Amino acid sequence: CDLEPRDRKLYDELRDYYRARLLKNADGEGLSQMKFQVLEALLRLRQAACHPGLIDKRKAAEPSAKIDTLLAQLDQVIDEGHKILVFSQFTSLLAILRSRLDASKIPYAYLDGRTRDREGPVEQFQNDPNLKLFLISLKAGGLGLNLTAADYVIHMDPWWNPAVEDQASDRAHRIGQQRPVTVYRLVTQHTIEEKIVQLHQSKRDLASS
């Protein structure tokens, strides 16, 4: 995905702000305090790569390259009769996506860490031929779910540990799956997300060796 010019401006401003802040405090702050500042910077840049509404709630209704790319992909895949799992680590991003789906009257099931009845949406997605889409938070959907009705998996944002993404994708790769499963990962170009994907490869190489 390519950021829109105004979203690119926001991302670059955040990157420059945190870089200057970290360089300024590098000599005066203790290591433990610096770690918190680095983690904050990484989180904000990851959020800005997804949608400006994750940085400023007043911008939640604005479009973003990643949401628009996803919706275009969903239109095509749903028209072809497939069922799709969509994962994100940010429930706030899923909330923005839900509002767009509601406006377009696209039905979906939903699951995050606060969902009390996990079996309900799972059974509905598995058994209802008209329900093509399941939105799941990455942490809530990584284990314990059997979602073989899906043959497409879309990750909206890369997570540091590729094994966590693989566990989520494996919800569709369960016993009883009769079709090939296609996995997409949406990555925003020229942002920290590309660095995370590079980190994925080095971690996979380390694990395989």
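Residues numbered from 1 in each chain as written. Predicted model: local features only at pLDDT ≥ 70, side-chain atom pairs only at ≥ 80, totals over all residues. Heavy atoms only, no water.

Topic: the layout of surface pockets
Piece 1. The space that makes up the largest pocket amounts to roughly 180 Å³.
Piece 2. Taken together, Y11, R15, R19, L42, L45, H190, T191, I192, E194 and K195 form the lining of the largest pocket.
Piece 3. Among the residues making up the lining of the largest pocket, the classes are represented as four nonpolar, two polar and four charged. (1 Å grid on protein atoms, 1.4 Å probe; cavity = no way out; pocket = protein on both sides within 12 Å on 5 of 7 lines; lining within 4 Å. Points joined across faces, edges and corners; volume = space filled by probe spheres on them. Nonpolar A, V, L, I, M, F, W, Y, C, P; charged D, E, K, R; others polar.)

Details of the sheet that holds strand β5 (residues 182-185)
Piece 1. Strand order in the open sheet made by the five strands is β2-β3-β1-β4-β5, with parallel pairing throughout. The open sheet has two free edges, formed respectively by β2 (109-111) and β5, since each of these has just one partner strand. Adjacent strand axes in the sheet meet at a mean angle of 15° when their direction is disregarded.
Piece 2. Where strand β1 (residues 84-88) and strand β4 (residues 152-155) come together, four bridges link them in parallel fashion. Among the inter-strand pairings, V86 is bridged to a residue of β4, identified as I154.
Piece 3. Docked against the sheet, helix α4 (residues 91-103) engages β1, β2 and β3 (133-137), running at close to 160° with respect to β3.
Piece 4. The strands that helix α5 (residues 119-127) touches are β1, β2 and β3; relative to β3, the one it contacts most, it runs at about 150°. (Pairing = 2+ DSSP bridges. Helix = DSSP H or I, 4+ residues; strand = E, 2+ residues; numbered from the N terminus. Axes fitted to C-alpha atoms, helices over the stretch in contact; angles between N-to-C directions. Contact = heavy atoms within 4.5 Å.)

Things to note about the nonpolar core
Piece 1. Among the nonpolar cores identified, the biggest contains 26 residues, and L74, V86, L97, L101, L133 and L135 are the most heavily contacted of them.
Piece 2. For this core, the secondary-structure elements that each account for two or more residues are α3 (65-79), β1, α4, β3 and β4.
Piece 3. For this core, the element with the most residues is α3, which contributes six residues.
Piece 4. Not counting residues within four places of it along the chain, the set of residues in contact with V86 comprises L70, L74, L97, L133, F134, L135, I136, I154 and M156.
Piece 5. Within the second largest apolar cluster, 18 residues are counted, among which are L138, L145, A172 and V181. (Core = buried A, V, L, I, M, F, W, Y, C linked by side-chain atoms within 4.5 Å. Buried < 20%, exposed > 50% of the residue type's maximum accessible area, 1.4 Å probe, protein only.)

Such coordinate-based values are descriptive only and should not be taken to indicate function.
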